[in-house]
Amino acid sequence: MLYFMNDYSEGAHEKVLNALIKTNMEQHVGYGMDEITSEAKMLIKKRINRLDADVHLTVAGTQTNTIAIAHFLRPYEAVIATDLGHISVHETGAIEATGHKIIEMASKDGILTPQMIDAAVLKHADEHWVLPRLVYISNATEMGTIYTKAMLEALRKTCDQYGLYLYLDGARLANALTCADNDMTIEDVANLTDAFTIGGTKNGILFGEALVITNAHLKDHMRFSIKQRGALLAKGRLLGVQFKALFEDDLYFEIAKHTNEMASLLKNGILELGYTLVASPSTNLIFVVLPNSVHDKLKAFCHYEAEHPYDENSMEARFVTSWATPKEDVLELLKLLKELKEF
């Protein structure tokens, strides 16, 4: 069976595993207060050129988003996001469960625009509504699209106009920053947002996300929030070891390049075969209009997502490449897509 279901099912990159094995029997203090975790955090701060940033290592993306947003907002404050954002559709109402409403703006490509923020703020006019306070975006988005530097600068300007925080979910940030369409650096992300995450789970480690806070007003007592919500890992050094391995010699970016290379090979091959894409992705999430006749046969040979009908004759299928996807698997999938289309 071929596997194009997601980008986090493999274990971890060899360098990460070796680092875990090497430090396995070492004794360290708990809860991320160890020397290795401090070294990992400093590597991140130096890489983003923000030694003033606070860095917190947590286990999972939903956990990180929930803790961060709940910590940043007062009870009556709300989040502006697209209706395709991860917090909107893939986190089981976690943000709402903390008491914060998500103001969802319709988007076909997962991109949030300044005009959408304008509309959300103007609609929520007084104390009878929730107060918009934080803008949530993903880079890369859940449709595989990305923000350019000009787009992020425009969002920053709009957030400053309304006194909003700008929070970037970077579960797939490495993919966004290493794709051919990108013109932004991780330093740009750090300087243009109030807080952002650096995803490791989907980029070569067993588990882990780094929450980076650059706005001084949002930093205080974050470890209290992390602990209260059950996310202060006793064996915190396991996160530190993995992120240290990722940010030594820029492994974080190097392995993401392979993800994007395999995605480009797959995307171009799909287009050459005459299939239609649902969106125009820059990274490793490829949404394809797949005829039901092809889907019915392909699912016996390949794991992928096809949960939603596109129309009465086709499905909206999602194929995802990862840091560990072999080129041979991409070519085999393209071969199957060609044969089944012609059958």
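Refer to the structure presented above.
Residues numbered from 1 in each chain as written. Predicted model: local features only at pLDDT ≥ 70, side-chain atom pairs only at ≥ 80, totals over all residues. Heavy atoms only, no water.

A.B. asks: Could you clarify how one ought to interpret the nonpolar core in this entry?
C.D. replies: Within soluble globular proteins, side chains that are nonpolar generally end up buried alongside one another. Core analysis: the largest hydrophobic core is formed by 54 residues, its most contacted members being I80, F196, I198 and F243. For this core, the element with the highest residue contribution is helix α11 (residues 237-247), accounting for 6 residues. Not counting residues up to four positions away in its chain, the partners in contact with F196 are I48, Y167, L168, L173, I186, V189, A190, A210, L211 and V212. Counting 25 residues, the second largest nonpolar core, distinct from the first, contains L2, F4, L290 and A317. (Core = buried A, V, L, I, M, F, W, Y, C linked by side-chain atoms within 4.5 Å. Buried < 20%, exposed > 50% of the residue type's maximum accessible area, 1.4 Å probe, protein only. Helix = DSSP H or I, 4+ residues; strand = E, 2+ residues; numbered from the N terminus. Contact = heavy atoms within 4.5 Å.)

A.B. asks: Even after reading the chapter, I still don't get a nonpolar patch on the surface, so can you show me in this structure?
C.D. replies: Where nonpolar side chains cluster on the molecular surface, the patch consists of L17, I21 and L206 and spans about 270 Å² of accessible area. Tracing the sequence through the fold places L17 in helix α1 (residues 14-22). We classify L17 as partly exposed; its relative accessible area is 35%. (Patch = residues over 30% accessible without salt bridge, like charges linked within 9 Å, V, L, I, M, F, W, Y side chains within 5 Å. Areas by Shrake-Rupley, 256 points an atom, 1.4 Å probe, with all protein chains shown as cover. Salt bridge = Lys/Arg side-chain N within 4 Å of Asp/Glu carboxyl O.)

A.B. asks: Please explain the sheet that holds strand β2 (residues 54-58) as it appears in this structure.
C.D. replies: The strands making up a sheet associate through hydrogen bonds between their backbones, and the pairing can be parallel or antiparallel. As summarised here, the arrangement of the 7 strands in space is β2-β8-β7-β6-β5-β3-β4, forming an open sheet in which the pairing is mixed. Strands at the two margins of the open sheet, each flanked by one partner only, are β2 and β4 (102-105). Here the strands of the sheet are splayed against their neighbours by 20° on average, with no regard to which way each runs. Relative to strand β8 (residues 209-213), β2 is paired through 5 bridges, and the arrangement is antiparallel. Of the residues in β8, the one forming a bridge with V55 is V212. (Pairing = 2+ DSSP bridges. Axes fitted to C-alpha atoms, helices over the stretch in contact; angles between N-to-C directions.)

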